[in-house]
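Read off the chains here:
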Amino acid sequence: MSQLRSGDSALMQELGDFPDDDLEVELVEKECRTVRHSVPEEGVELDSHVRDCVQSYTQPWLMVSRRCQGDSWTAYSERACLHKTLQKQTFESDVQPEKLETPVKSPSLAVLSDDSSRTLTSSDFDLRSGLTPDPRVEGLLHFSNHDDLDRFNQEARQGNRHPELFALYPPADEDDAVEIRPIPDCPKEHMGDRIIIRCQAIKFEIDIEPLFATLALYDLREKKKISENFYCDLNSDQFKGFLRPHTPQTDHSTLSRAAIFSITYPSPDIYLVIKIEKVLQQGEISDCAEPYMVMKETDSAKNKEKLEKLRNQSEMFCQRLGRYRMPFAWATVNIMNVISTATLDRDTTDSDSLNGKSSSLEKRGQLPRRNSERFGTMEDQCNMSAFKPATITISTFCKQEGDRLSDEDLFKFLADIKKFSSLQRRIKTIPGTIRLDVTPVHDNPVACLSTELIPVKPLAEKNVRPVKEVLEFPSSEVYVPHSTYRNLLYVYPQRLNFVNRLTSGGRNITIKIQFMSGEDPSCVMPVIFGKSNGPEFVQEVYTPVTYHNKSPDFYEEVKMALPARLTERHHLLFTFYHISCQQKQNQTGASETLIGYSWLPILSTDRLQTGQYCLPIALDRLPVNYSLHSPERITPQVPPVKWMESHKGVFNLEIQAVSSVHTQDNHLERFFTLCHALEGGVTFPLRVREEKIPENKLEHELKLSIISLSSSRLEPLVLYLHLVLDKLFTLIMQPMVIAGQTANLAQIAFESVVSIVNSLHNSQELARDQQGRNGLLATYLYWVFRLPDSNELLNTGPGGVVPPTEGRYSTMGRASATTVGTMLLQSRLRSSSNPDIPAPHTAEDAEVKNVLSAKGQNNPGSRMSTYVDVSSHPQSSTGGTRPSNRKQFHEELALQIVVSTGVCRENAYKYAWFFFELLVKSMAQHVSQLEKQDVPRRSRFSDRFKDDVTTIVSVVTAEIGTILVKQQKELEQAEKVNISLAFFLYDLLSLMDRGFVFILVKNYCNQMSTKTVSMPTLISMRLEFLRILCSHEHYLNLSLYFSSPASAPVSPCPSISSQSSSSCSFQEQRILGLFELSQEFKQQHYLAGLLLTELSAALDMESEGGKVQKKAINATYSLLCAHDLDQRCTRPDVRAKVATLYLPLVGIIIDSINYLDFTVSEARGGKSKTGGSDEDPDNIPPINQSIAMAIAGNPFNTLARNALASMASVQSAKAVATLSAETSRNLLLCFLWVMKNAERSLIQRWTVDMPSAQLNRLLELLTICVSCFEYRGKRSSDKVSTQALQKSQQAKMQLEDSLLRGIGARGEMMRRAGGSDRAGQRVNLRWRKDLTQWRQTNDKHDKTKAELDQEALISGNLATESNLIVLDLLETIVQAVPLSDCKESVVGGVLRVLLHCLTCNQSTTFLSHCFSTLRALVVKFGDLLFEEEAEQCADLCQKVLQHCSSPVDGNRSQACATLYLIMRYSFSSANNFSRVKMQVTMSLASLVGKSSDFHEEYLRRSLRTILAYAEEDTEMQNTPLPSQVDELLRNLNSILSDTVKMREFQEDPEMLMDLMYRIAKGYQTSPDLRLTWLQNMAEKHKNRKCFTESAMCLVHAAALVAEYLSMLEDHKYLPVGSVTFQNISPNVLEESAVSDDILSPDEDGVCSGQYFTTSGLVGLLKQAAELFSNGGLYETVNEVYKIIMPVLEAHRDFRELVSTHEKLQRAFDNIIQKGHKRMFGTYFRVGFYGAKFGDLDEQEFVYKEPGITHLPEISHRLENFYSQCFGDALEMIKDSKDIDRSKLDANKAYIQITYVEPFFDDYEMKDRLTNFEKNFNLRRFMYTTPFTKAGRPRGELNEQYKRKTILTTMHTFPYIKTRINVIQKEEFDLTPIEVAIEDMQKKTRELAVATHREQPDAKMLQMLLQGSVGATVNQGPLEVAQVFLNDIPADPKLFRHHNKLRLCFKEFIMRCGEAVEKNKHLITLDQKEYQQELKKNYNRLRENLRPMLERKIPELYKPIKPRLGNRDSVKRLSFRRALEENS
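Description of the structure in this document. All values derive from a computational prediction rather than experimental measurement.

Re the overall build of the chain
Each helix and strand in the chain was counted, giving 63 helices and 37 strands. Long-range contacts, defined here as pairs at least 24 residues apart, represent 79% of the contacts in the chain between residues at least 6 apart. Counting every atom, the chain has about 84,000 Å² of accessible surface; 51% of that belongs to carbon and sulfur.

Laid out in structure tokens, this is it:
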């Protein structure tokens, strides 16, 4: 074994090597929205800052990627269409059986007549004649050789399997997926929510002149204009003609009528304002607007001439003043209202122009697009992207007021509109309409122009009107770095203040605005953007004129494109004119008169001028060289300049720049200027703003500017972030020579970087991703960062750079750096490792081997095994790097991190992720340069660099530890640092020598295990760390998986290899060892070993809520998932190798079996159930779990018994935190995956060597797997995965939204949801709707049928595949049986698991393989099964029979074949057939009795098929088998026939129970079957809540068992047959055994069931006791336990005795508490009359109904049922008179129902004292019928007779059914006086009871008194006395009755007295009068009765005739008889 097998070495060659060109450093062109990049105009030499900016915006991204990185994740995306490739699995639970045609007939009641003649074989349905058999299974008996059979089955099983198990399972929770590093968003230009507004129409009542519209958005809340202007006009060609003289040309871009507005911060107060201007004409605005207000186009006839005149007039003005405009009108609409209304699905909204009410806008939790979280909480966000296109119609315009044109005025108007939601009266309105269309923008529309007028992709084919993008001025900061060149200037003239100017000349004032590059008029630049229908760029703009206003306000916006290179000559020039509107006669020239000039230089001390200005105006002429100074500071000149209002500022204006080259921030500007100074080409002293810097101060100033960088405002810092960082990194690299001195700025630059990183992370405004990384920095690192190219700095010049000398670090001696590093370290921790590192030059993989070859050692204090003892290697001399004369960025950076101190150091480690990723990216670029020069991997990095890295890693690890120990609250911070460290090492594995990285990992593990931190936290940290490392794309190679010991390892230490060849037993040890986490394994497969060690530690540990366990399992799960879906692991041989790497996992899982959650299978198929985990309701006898365990070896409880025992013991040992269902499933899935992919031979050898206890646990594990992945059905609510979180659609959308952008909003959300705040982004495609079919969720309601079907399809395949894996493993185990010692237990155990599989919901595919395996078991181990595993066999028969009745043909045919094979082999193996016969018959009986959804048609067909097998089996023809099979099948068929009858009575429970009773009686000679049927009855009763009857069935069953036990064994403690049970119920004597000659218990197969044992008996009785207790018969519970106790005492089972006595105590307590409150049954006599009832005709029954049942209830129930049978022919007889047959209609069916009461003789009443006794063991019932001689039921007192009827039933109640036949009926009549006596006795009794109650009830007492002494009671006591006691009767026979009645009255009046007295003490104050009244009535009654009561009959006291002496009782004296004798 010590040599690699040849196949393995080939594999190792192929897979073990790491690909060479793994690393890709590529340049990716930037995607540009527009046709070309926005760049400065051509041919201008740019200054270096602008050049840098432009380069930064246009250069390609530099990305570093690894070829295979994330390979496994790509597989996830392919799962999207998984369902298309899967096969549909058929599950019986999903199949609706097609109804076989059976004629629907009413339950014919005649079927019950064959009461006595019925035998087992009588069948009313011949199998042979009526049915054709199903197709038979091919080749059932072909295989003579077991191996062939196994091979055949194996091949069948392997066909059509799904290779990837994990693809069928929803991926684990992304919460744990730390190994997914979100790819940061690609930097792009910021855009808010975009809407497109199209101008459809602007119409006034009259149409006389051209009009011009300006649209812009205003935010009222922020009082800010939030977009630039959009100009459009809809003038007709005629009107355009008016203006032709003033329009030199019309460019295409100015024809736009649609604009795209962007809104970053939506708020409800955003208004779209449309301003309308017209050409200047004479007159105030009001005068010009008047025609519009008074005239209508509709009255055209009337106004025709006027309109014509107006048009001509306007044409004249246009020609003369066409270049000037005047304000005219404006309109507004709250754009957010429109959007939110459209969101609510309104198609068009006619929004009244000024209806400013803001409807409640849809709240939006996150606005992830702004890189800001601040606005996420604004309470009034609108959903901007989801609204429907809407049309806005505005129907009123407001006239512009000449004195209220400024923006301030506009905001006042808007505020009023919002407040009053309508216009104020003082605003004049003009009728007219504007129609606008508003739509959301999703993709760029065609023919779109950017704000710089560059065409945006996609381009339009032909000349389409363009759509313009309108630049947004966001209402608040936007933190998105610049990514395009933009350089725009906006000029806003605001107002002129000419108040003091007396001249009347300047009244109609306009300003001409120009951008000049010099003072000559020809220097004017065409950089001003034009308006609509004109040139694109113009040289000058005129502001609109307000008529006759000397100090006008302006609202103009002038947009200019700034030149890239600005000089001090560039300036804005303003010229002020007065326009004369009316042409005077003598004037012919221009209409403008010059007023004066003003100007503004664009640069002030090299900085762009922006902000508010107030300029003076120079009259007459411009001074010379004016542009060099601002107008306020101009130098005095000759001749002096004339100023308006003596040089005061009179012209207000504002200037804003939107530029990505002008920083507009002092700190940044200074920094950039000084940096450029270093690059040379500048003259000293350098001018920066106001100061001048000489060369020798440069270094100092530069340092200051670097330090102050982080104090610049956040927004500009973010905007120029990329540039700032690039410059700082360049400075870190560049040793400068300034004024001959070498200046080193590296340290300061590094500190500045750290402080910028810190401030970005700390800003509340900026988002972070789930790993705490600031989004902007992550983006910078991923896309932008590139090595600072030192070459570009090597120009020499005044600030040039020295060529670097040999000493790499020009500043700090290396020694000092190292010493600083070591000191730092020592201060933080005692490092357990030596950072020096072995580096001999060997082959590529030798590095890893070399690490592993060191002897493994275990740190005593550490749970993580370490694997390298580095110190044993001397520092190797060969490991130096190539001498480098260049400073390497990564080295310098590492050095800076190591030597940093103080706050800088703290932050550098706090945000270590940034520096790690920076290091990695710079190292990658370095490596890619070296790779081109073929430098070997070991020599890529210098030893010094490695030392630095080692130091950094240990310090970071120490930091984590410190946080954990000291600052618990910083736990999250520690987690993040931990994760970033893991990613760092993960990345280093691809860059550095891997042995070196492994040493770093080992150091980490050592450091992380010595901390005094709570274990769960530590494990959790290490788990996340390992999870990330293991997600490395070459993890498998790093773990050396190809050298798995199964194929003999390259031995890590000689001692082992020499042993391994020595002996075979050692070999066995080896195999078992593979499945354990051995020391050797950890050395061999380092990373895998670490992970599994953590897993096993986590499982052994208690943690709150099992969090750590979940984390550990999910880590393992996701790793296996990655292998499973990895394209590189598709070959089976590769998979086998990978699986071998995880064999120890199997051992770990088997050990953790006690933690698994069994509940997963509880809600199977929608039926709820209790009890153990895995049973199916159809095969469990009605026995509760604890009893089931007591019944020795109950075969139905499929969990291995020892497993339950072991669970019990474990739980007593310590409270184990069990895993949640989902986590259990994940763990089990890992187990199944390893089992699916590992080598079979290996597993087989493992199972052979396994100790039996271990094997049992393995089998138990398989049982759990089967339950866990059971298919839950399409219609079940519990979808495939229990995890399925219910997420509302909205939450999903938000999550998708933020995930797909990977922005920090996600983190926020997760935090809010209470989850941890990280999750995957590389897998964000998991969240996209179209890719998430397999992601199960519980919200069934929002799933389409297709989605549900798809889920069912996938979960069906998962169930099938996981069960097949279990089956494969079982086969593997069984095929190894011949080699093992304990055959029996193995086969039994395997059978147990198989049976459990059959219990679960399985697919046809699986069942066919499962049955094949079962058949193979029968063929191979028949004898063993039929002899040893009797119970299992019984279970097997039942399961197979169940499948014989399946509606799915495939399942049925497989089951038939299996059943026949069982019969055949049981027959041939020791003629065990009788037992199987018995078991099959019992199984069928129990199946039929319990299962309601059972298809007897299919079962019949199966019986016919089995018959066909028997007939076609040639070998067996000459044996008795066929005839025996035939007999068995006939028996089964007759049971089925009974079932059919039972079907018919499904609705009539009494009838059904009668039938079952009869079937059970039919099995009197077959105790096993009788027992089964008794149990069936018990189950049915229990389902109907008839607990007492159910208990009785079990008592009968127990009696039956007792009879047979007493035949078999003679023990004192056992009951003597059924006699012992008499105390419970006399009915039980029925069970006394039939004489021995009929049946001997020794006969094979009889009484062999599990119940015919002592424990079976006890089990039945305990269950009966439980049911009696449920039924409230606590007294009986005692009787039952009297029988159990001796048995328990004999078995010394004290534990059971304790619980028995507890139960008894409970029962007696209940009697005391509930004694008199219990409600027992109510009884009714039911008689059936009429031939239609068949054998029910003239039958009478007593029905027992629940406690309080009223007559109408039972009447209604029976009527309902029988009217379904007989329709209208049914009549209910309402009275209880005797029925006269002759008067009944022969065609009708009659039912008579009477309420009856239990009846006892006087002597019985002596024994029946308690309520219970009066309601138990009842056989006689009575009802009374009143009648008179005249025939009416009721009459006067003296003629009222009463008939009493006493019924006797066949058995006593309660019995095993709820109705019993009446067998005897006695009647006798009472004379009127006897009736009176009964009544009075009853009254007296009631009074006595009410008076003497312990707690008397006043109301009750008063009611009785009222009826007794009340004066006016009709037929009351007084009247009775007057009728019967007034006269002494003439007839001496009545003397005795007369006297008895008199005595009754005496007692009655006495009781009344007592009652009245009693009442006196009970009454309340307000009842005093009432009491007096009662007393009065009582006295009156007593007086009235006295004479009658005192009169005695003297004859009575003479001796009486002896004739009457022999009667038994007065009651029995039938009065009728005496009369007859007299007559």
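Still to come is the rest of the account.
What about the sheet that holds strand S19 (residues 540–542)?
An order of S19-S16-S21-S22 is seen for the 4 strands of this open sheet, with the pairing classed as antiparallel. A strand with exactly one partner marks an edge of an open sheet, and here the two such strands are S19 and strand S22 (592–601). Put simply, the sheet's adjacent strands are angled 20° from each other on average, direction ignored.

Looking at the state of the cysteines
In this structure the tally under the stated criterion is 0 disulfides. Here Cys1593 is not cross-linked by a disulfide; its sulfur's nearest cysteine counterpart is in Cys1586, at 9.9 Å.

Brief notes about the pairing of strand S7 (residues 258–263)
Looking down a regular strand, the side chains alternate between one sheet face and the other. With respect to burial, S7 is a largely interior element, 6 of its 6 residues being buried. Burial along S7 is two-sided: Ala258, Ile260 and Ser262 facing one way and Ala259, Phe261 and Ile263 facing the other are all buried. Taken together, the 6 bridges between strand S3 (residues 193–204) and S7 define a ladder with antiparallel strand orientation. Among the inter-strand pairings, Arg198 is bridged to a residue of S7, identified as Ala258. Pairing of S7 with strand S14 (residues 467–469), which is carried by 3 bridges, proceeds in the parallel orientation. Paired with Ala259 across the two strands is Lys468, which belongs to S14.

Thoughts on unusual backbone geometry
With an omega dihedral of -5°, the bond running from Lys457 to Pro458 counts as a cis peptide bond. Of note, Pro458 is situated in the loop between strand S13 (455–456) and S14. Each neighbour pair has its own omega, and for Phe1853 with Pro1854 the value is -5°, a cis peptide bond. Inspection of the secondary structure assignment puts Pro1854 in the loop between strand S36 (1841–1853) and strand S37 (1859–1870). Residues other than glycine seldom take positive phi values, yet His548 does so here, at roughly 55°. Position of His548 among the secondary structure elements: in the loop between S19 and strand S20 (558–561).

Observations concerning the packing of helix H16 (residues 746–762) against helix H22 (residues 912–932)
Relative orientation of the contacting elements H16 and H22 amounts to 125°, with a least axis distance of 10 Å. Put simply, H16 runs oblique to H22. Note on element contacts: H22 touches H16 through Trp913, Phe914 and Phe915, opposite Phe750, Val753, Val754, Val757 and His761. Here the residues of the contact of H16 with H22 sort into 7 nonpolar, 1 polar and no charged.

Examining helix H59 (residues 1898–1909)
For an α-helix, the turn length of 3.6 residues means that residues three or four places apart are oriented alike. Taking 1.5 Å of rise per residue, the 12 residues of H59 would be expected to cover 16 Å, and the 16 Å separating its terminal C-alpha atoms lies within 8% of that figure. The inward-facing, buried residues of H59 contact helix H58 (1872–1891), helix H60 (1917–1925), helix H61 (1935–1962) and helix H62 (1968–1990). Measuring from the side-chain oxygen of the N-cap residue of H59 to the backbone nitrogen of Lys1899 gives 3.2 Å; that N-cap residue is Asp1897.

Notes on the nonpolar core
Counting 361 residues, the largest nonpolar core has Phe915, Phe1231, Trp1246 and Tyr1762 as the members making the most contacts within it. The next biggest cluster of nonpolar side chains, apart from the first, holds 45 residues, and it includes Ile226, Leu272, Met295 and Ile392.

Here's the deal with the pattern of salt bridges
For the structure shown, the criterion picks out 71 salt bridges. Here Arg161 and Glu1361 are joined by a salt bridge, their closest N and O atoms 3.0 Å apart. Here the residue Arg161 occupies a position in the loop between helix H6 (146–158) and S3, and Glu1361 occupies one in helix H42 (residues 1345–1375), the gap between them amounting to 1200 residues. Taken as a pair, Arg161 and Glu1361 share a single burial class, namely buried. With a shortest N-O distance of 3.1 Å, Glu228 and Lys559 are connected by a salt bridge. Of this pair, Glu228 sits in the loop between strand S5 (224–225) and strand S6 (230–232) while Lys559 sits in strand S20, placing them 331 residues apart in sequence.

Definitions and cut-offs
- Residues numbered from 1 in each chain as written.
- Predicted model: local features only at pLDDT ≥ 70, side-chain atom pairs only at ≥ 80, totals over all residues.
- Heavy atoms only, no water.
- Helix = DSSP H or I, 4+ residues; strand = E, 2+ residues; numbered from the N terminus.
- Contact = heavy atoms within 4.5 Å.
- Areas by Shrake-Rupley, 256 points an atom, 1.4 Å probe, with all protein chains shown as cover.
- Pairing = 2+ DSSP bridges.
- Axes fitted to C-alpha atoms, helices over the stretch in contact; angles between N-to-C directions.
- Disulfide = S-S within 2.5 Å.
- Buried < 20%, exposed > 50% of the residue type's maximum accessible area, 1.4 Å probe, protein only.
- Parallel < 35°, antiparallel > 145°, perpendicular 65-115°, else oblique.
- Nonpolar A, V, L, I, M, F, W, Y, C, P; charged D, E, K, R; others polar.
- Expected span 1.5 Å × (residues − 1).
- Polar contact = N/O pair within 3.5 Å; in protein donor to acceptor, adjacent residues only side chain to side chain.
- Core = buried A, V, L, I, M, F, W, Y, C linked by side-chain atoms within 4.5 Å.
- Salt bridge = Lys/Arg side-chain N within 4 Å of Asp/Glu carboxyl O.

Such coordinate-based values are descriptive only and should not be taken to indicate function.
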